[in-house]
Amino acid sequence: MKLTRKKFPKIIILVLCLSFFSTAALPVYGADKREKISSVKLTVSYEEKPEVGKTIGTVTVHVSNDKLEISEPAQYYDTDDDVWIRGEIPVIRVELAVKEEAQYRFLSSTKVSTTGGRSEVKSKKILNSGNRLQVDLKLPKVTGPLEETDDYYWDGRRARWSEVEGADKYEVKLYRGSSQVTTVTTTSTSYYFYPHMNRGGEYTFRVRALNSLDGAKGSWTDKSEEFYLSSGDAYQGTASAPDNENSGPGSHPTDGQGNSQPTGWIQHQSRWSYRRSDGNLVRDSWLFADNNWFYLGNDNIMRTGWIFVDNNWFYLNPVSDGTRGAMKTGWVFADNNWYYLDPVSGGPKGVMKTGYQYINGKWYYLDDKTGMLWTNRQIPDGRWANQDGALQRIP
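Keep in mind that what you see is a predicted model, and the values were worked out from it rather than measured.

Conventions used here
Residues numbered from 1 in each chain as written. Predicted model: local features only at pLDDT ≥ 70, side-chain atom pairs only at ≥ 80, totals over all residues. Heavy atoms only, no water. Pairing = 2+ DSSP bridges. Helix = DSSP H or I, 4+ residues; strand = E, 2+ residues; numbered from the N terminus. Axes fitted to C-alpha atoms, helices over the stretch in contact; angles between N-to-C directions. Salt bridge = Lys/Arg side-chain N within 4 Å of Asp/Glu carboxyl O. Buried < 20%, exposed > 50% of the residue type's maximum accessible area, 1.4 Å probe, protein only. Polar contact = N/O pair within 3.5 Å; in protein donor to acceptor, adjacent residues only side chain to side chain. Core = buried A, V, L, I, M, F, W, Y, C linked by side-chain atoms within 4.5 Å.

**Student:** Go over the sheet that holds strand β16 (residues 227-229) with me, naming the residues and quoting the values.
**Tutor:** The sheet built from four strands is open, its strands ordered β13-β12-β15-β16 with antiparallel pairing. For this open sheet the edge positions go to β13 (179-186) and β16, each flanked by a neighbour on one side alone. Here the strands of the sheet are splayed against their neighbours by 25° on average, with no regard to which way each runs. Taken together, the seven bridges between strand β12 (residues 169-176) and β13 define a ladder with antiparallel strand orientation. Across the sheet, the residue bridging to R176 is S179, located in β13.

In structure tokens, the structure reads:
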């Protein structure tokens, strides 16, 4: 049956109307009328400034607003180390609370500022319906002094020095007598200065460590021992581009005179050849240059890595570290295995050794065919090679 308005009870309509108007007239309860905390000022202090190598210490944060209090004390956050690491950005986390929760609250628009320790606000987060505010502050990148290199010396016409922890480059000054010749910057721990030695004399150098991340500079070393260069051996060309990892063996430039037959090392893109003073290129032969042995093949190109010459294996440095192509001697880790290359010229020098070898007071076994060091296994005579390869008798 279809229901019409006339048949709908009037009393029900009246009740519904009264209910609607009474509901619309009700006041809205539950709106948060607490006063907003419009701004917060924090002050950071610490007993010891974060510096490279120092222990992670404590930090304190104070709030100046008397309506607020520190609910969770400040602490360094998100660091897994016991000491500060160069370049690390210290983060301080602190939690604030309103003293009277019924009267005040934090909002996302609450402004937070900070002073002390060159601190800055990193982030903020509202907690517990505005009763609390979590603030993360950040400090400048961790810096610290660089040590002075403890070993520096001449290797032929190349200056060398020991690596300094935390340094990513080095500044080097070259002197002839008391006069400064040049200053260079390099990422290597050596520099080939010969192209700057265009006059005879006694040359020295000084070096200091640098870090480009935080601008730290180490102390200058004293002057090195003197390297004497006669006038007849002085460089006759023009000093070329700086020594770098893309340069060749010993990172030697050509003679710089622009003639078609320069002597010494000659670069062909990423490959290197060597022309003797008589104009002939070294071919199928060992070459002793800059206190190292190199091998050039029948195409006149300097070899790297493993080579088989005169029925012996040799290993030539494949890394562009200033001695690329140079013969390696002693223990060498290559192709995920250890090998031993004869360090004595009577060996002949550089030859890969096999079989039983007595080295520095210990016996080792190197595979007869491959030269690889046996470790953590029993060798043919029944003895045990430990994890370092040293032989031990089985109990």
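**Student:** Residues and numbers for the pattern of salt bridges, please.
**Tutor:** Once their charged atoms are close, side chains differing in charge can pair, the charge on each being opposite to the other. The final tally for this structure, using the stated rule, is twelve salt bridges. Across the pair E35 and K67 runs a salt bridge, and its minimum N-O distance is 3.5 Å. Linking E35 in strand β1 (residues 35-36) with K67 in the loop between β3 (59-63) and β4 (68-77), this pair joins segments that are 32 residues apart in sequence. Judged by its relative accessible area of 43%, E35 is partly exposed. E51 is the salt-bridge partner of K54, the closest N and O atoms lying 3.2 Å from each other. For E51, a relative accessible area of 22% puts it in the partly exposed group. Linked through salt bridges whose partners overlap, the residues forming this network are D32, R34 and R105.

**Student:** Can you tell me about the sheet that holds strand β14 (residues 190-192), naming the residues and giving the values?
**Tutor:** Taken together, three strands build an open sheet; the order of strands is β10-β11-β14 and the sheet is antiparallel. Either end of the sheet is taken by a strand with one partner, and the two such strands are β10 (152-155) and β14. Pairwise comparison of adjacent strand axes, ignoring direction, gives a mean angle of 20° for this sheet. Pairing analysis gives three bridges linking strand β11 (residues 158-161) to β14, with the strands arranged antiparallel. Considered in β14, the bridge of A159 is made with Y191.

**Student:** With reference to specific residues and values, describe the pairing of strand β26 (residues 362-366).
**Tutor:** Examined bridge by bridge, strand β25 (residues 355-359) and β26 share five bridges and lie antiparallel to one another. Across the sheet, the residue bridging to I359 is K362, located in β26. Between the end of β25 and the start of β26, which pair antiparallel, lie two residues, with N360 showing a positive phi angle near 50°.

**Student:** Tell me about the environment of S179, residues and numbers included.
**Tutor:** Take S179: it is sitting in strand β13. Its relative accessible area of 39% is what places S179 among the partly exposed residues. In the structure, S179 is positioned 24 residues away from Y203 in sequence and 9.5 Å away in space, judged by C-alpha atoms.

**Student:** Explain the side chain of T323 residue by residue, including any values.
**Tutor:** Take T323: it is sitting in the loop between β22 (312-316) and β23 (330-334). A distance of 2.9 Å separates a polar atom in the side chain of T323 from a polar atom in the side chain of D321.

**Student:** Can you tell me about the nonpolar core, naming the residues and giving the values?
**Tutor:** If you look at the biggest cluster of nonpolar residues, it comprises 24 residues, and the most contacted ones within it are W154, W161, F193, M197 and F205. For this core, the elements supplying multiple residues, two or more each, are β11, β12, β14, β15 (201-210) and β16. By residue number, the principal contributor to this core is β15, which donates four residues. In terms of nonpolar packing, the next biggest core, distinct from the first, is built from 23 residues, A74, W84, V135 and L137 among them.

**Student:** I'd like a description of unusual backbone geometry, backed by residues and values.
**Tutor:** Of note, N291 is a non-glycine position whose phi angle comes to about 65°, a positive value. Here N291 lies in the loop between β19 (285-289) and β20 (292-296). Even without being a glycine, N300 presents a positive backbone phi close to 75°.

**Student:** Tell me about the side chain of S190, residues and numbers included.
**Tutor:** By secondary structure assignment, the location of S190 is in strand β14. When its relative accessible area of 1% is taken as the criterion, S190 is described as buried. Among the polar contacts made by the side chain of S190, one reaches the side chain of R158 at a distance of 2.8 Å.

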